[in-house]
Amino acid sequence: MNIREKQEQWEQTYLSKFASLSMNSKGREKPEMPCDIRPIYQRDRDRILHSKAFRRLKDKTQVFFAPLGDHYRTRLTHTLEVSQNARTIAKALRLNEDLTEAIALGHDLGHTPFGHAGEHALDLICSHGFRHYEHSIRIVEKLENKGQGLNLSVEVRDGILNHQTTGRAMTLEGRIVRLSDKIAYLHHDIDDAIRGKVLTEEELPKEFRDILGHDPRSRLNCIIHDIITMSEGKPDILMSPEIEKAMFGLRAFMFENVYTNPKVKKEEKKCKDLLIALFEHYKKNIEDLPEEYQIPIRRGEQEEQVICDYIAGMTDHYALHQFQELYEPKAWSI
Ligand code: MG
């Protein structure tokens, strides 16, 4: 018996009866030889971690656009916090931690530069629309690995696709990530909004603070404990009605007071216009796309889709740089 088989046997012995066991995975689209060391979800986690799209998350806006302070979250640190929360819950419930981590690390790969402002811009200009969770799937299925995709398991792709509010993943591990995403951004966006002087702790509604806690750490602790207590031994991921109501109340408060705050959104129109200008430029000058994006066009992929893939993959600074290269005259320097 090799190491992977021993790990799979360990899962079968020690994990909950509701866990997604690696040996029961529905597998990959293209069959592959199993690894002799790592079970399938652990291997998927590693593939995501080694992907280029994962590294680009370090320079993609979470809420605050290209902040000068070093302590604001980026899409990468958000992803790591989601993974941390999700793994804590999965481990406590004896669910599959590798599957949970793989979904968490992959869930936001499809985010555009400039956060949701960028997503709205691409949704406006692409004739087929644009949603980051669908694009995350496109990245892992088609764009990564020089157009070969990462060939991830069915369960990991399902969890990534269904992490948005309206989704419902087929596995409990996927449902944990969906909730952990909300828990993470609620926690850190409040922290960053206080750091950015958009909000003070005391301005958060008292009715929710009295239930969840009076500082970010206590609130995080309260919500995670609630999920673990409510879900233990159950075939679903649950919250108590009181905590759930307070959490979603606080989330609604954040939408009204931070995510749509004119101070926070000040640069948003410029970010959208910049991406629209890039899109229009490449549409008229398809030869300006880098060679790796010319290949899919020669293979018959629609030009508009390829431009969308290129722009969606850009980091904040890369998008700004491309715009400056195209539209900002350079000083004569000889
Ligand atoms: Mg997220």
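(A) The overall build of the protein, seen in detail. Scanning the protein from N- to C-terminus turns up 16 helices and zero strands. Computed over C-alpha atoms, the radius of gyration of the protein comes to 21 Å, within 12% of the 20 Å expected from 2.2 N^0.38 for 334 residues, which places it in the range of a compact globule. Projecting the C-alpha coordinates of the protein onto the three principal axes gives extents of approximately 70 × 55 × 40 Å. Every one of the 334 residues in the protein was classed for burial, and the buried ones make up 55%. Taking all contacts inside the protein whose residues are at least 6 apart in sequence as the whole, residues at least 24 apart take part in 69%. For the protein, the computed accessible surface area is about 16,800 Å², with 53% contributed by carbon and sulfur atoms. Across the protein, the mean location of the 49 positive side-chain charges is 1 Å away from that of the 54 negative side-chain charges.

(B) Spatial organisation of the coordination of the magnesium ion. Bound to the magnesium ion are the protein donor atoms His78 (NE2), His107 (NE2), Asp108 (OD) and Asp181 (OD), situated 2.3 Å from the metal. When the donors of the magnesium ion are listed by position in the chain, the intervening gaps give H-x28-H-D-x72-D. In this pair, His107 sits in the loop between helix 5 (97-106) and helix 6 (115-125) while Asp181 sits in helix 9 (residues 172-195), placing the two residues 74 residues apart along the sequence. Here His107 matches Asp181 in class, with each residue buried.

(C) Molecular detail of the pattern of salt bridges. Evaluated as defined, the whole model comprises 31 salt bridges. A salt bridge links Asp46 to Arg38; its shortest N-O distance comes to 2.8 Å. Exposure remark for Arg38: the relative accessible area of 25% places this residue in the partly exposed category. The partner of Asp192 in a salt bridge is Arg195, with the nearest N and O atoms 2.8 Å apart. Note that Asp192 and Arg195 are positioned in helix 9 at a spacing of three residues, about one turn of the helix. Taking relative accessible area as the criterion, Asp192 reaches 2% and is therefore assigned buried. Within this structure, Arg38, Arg45, Asp46, Arg87, Glu97 and Glu101 form a network of salt bridges that share partners.

(D) Examining helix 8 (residues 154-161) more closely. Among the eight residues that make up helix 8, six are buried, leaving the element largely enclosed by the rest of the structure. Looking at helix 8, one finds that the buried residues are Glu155, Val156, Arg157, Asp158, Gly159 and Ile160.

(E) How the structure looks around the nonpolar core. Ile48 and Val156 are the most contacted members of the largest nonpolar core, which totals 63 residues. No other element matches helix 9, which puts ten residues into this core. When residues no more than four places from it in sequence are discounted, the contact partners of Val156 are Tyr41, Asp44, Ile48, Leu99, Ala102 and Ile103. Counting 24 residues, the second largest nonpolar core, distinct from the first, contains Leu122, Tyr293, Ile307 and Tyr310.

(F) Molecular detail of a positive patch on the surface. On the surface, a cluster of positive charge is made up of Lys52, Arg55, Lys58 and Lys146. By the secondary structure assignment, Lys146 is in helix 7 (residues 132-147). For Lys146, a relative accessible area of 81% translates into the label exposed.

(G) Looking closely at helix 16 (residues 316-327). With twelve residues, helix 16 should reach 16 Å at 1.5 Å per residue; the first-to-last C-alpha distance of 17 Å fits that figure. Every buried residue of helix 16 is listed here: Asp316, Ala319 and Gln322. Burial along helix 16 is one-sided: seen end-on, the buried residues are contained in an arc of 135°. Buried-residue contacts for helix 16 involve helix 13 (268-284) and helix 15 (303-313).

So, how was this worked out
Residues numbered from 1 in each chain as written. Predicted model: local features only at pLDDT ≥ 70, side-chain atom pairs only at ≥ 80, totals over all residues. Heavy atoms only, no water. Helix = DSSP H or I, 4+ residues; strand = E, 2+ residues; numbered from the N terminus. Rg over C-alpha atoms; globule rule 2.2 N^0.38 Å. Buried < 20%, exposed > 50% of the residue type's maximum accessible area, 1.4 Å probe, protein only. Contact = heavy atoms within 4.5 Å. Areas by Shrake-Rupley, 256 points an atom, 1.4 Å probe, with all protein chains shown as cover. Lys, Arg positive; Asp, Glu negative; His and termini not counted. Charge placed at Lys NZ, Arg CZ, Asp CG, Glu CD. Donors = N, O, S within 2.8 Å, 3.2 Å for Na, K, Ca; no water. Salt bridge = Lys/Arg side-chain N within 4 Å of Asp/Glu carboxyl O. Core = buried A, V, L, I, M, F, W, Y, C linked by side-chain atoms within 4.5 Å. Patch = residues over 30% accessible without salt bridge, like charges linked within 9 Å, V, L, I, M, F, W, Y side chains within 5 Å. Expected span 1.5 Å × (residues − 1). Arc of directions from axis to C-beta.

Distances and angles like these do not, on their own, reveal function.
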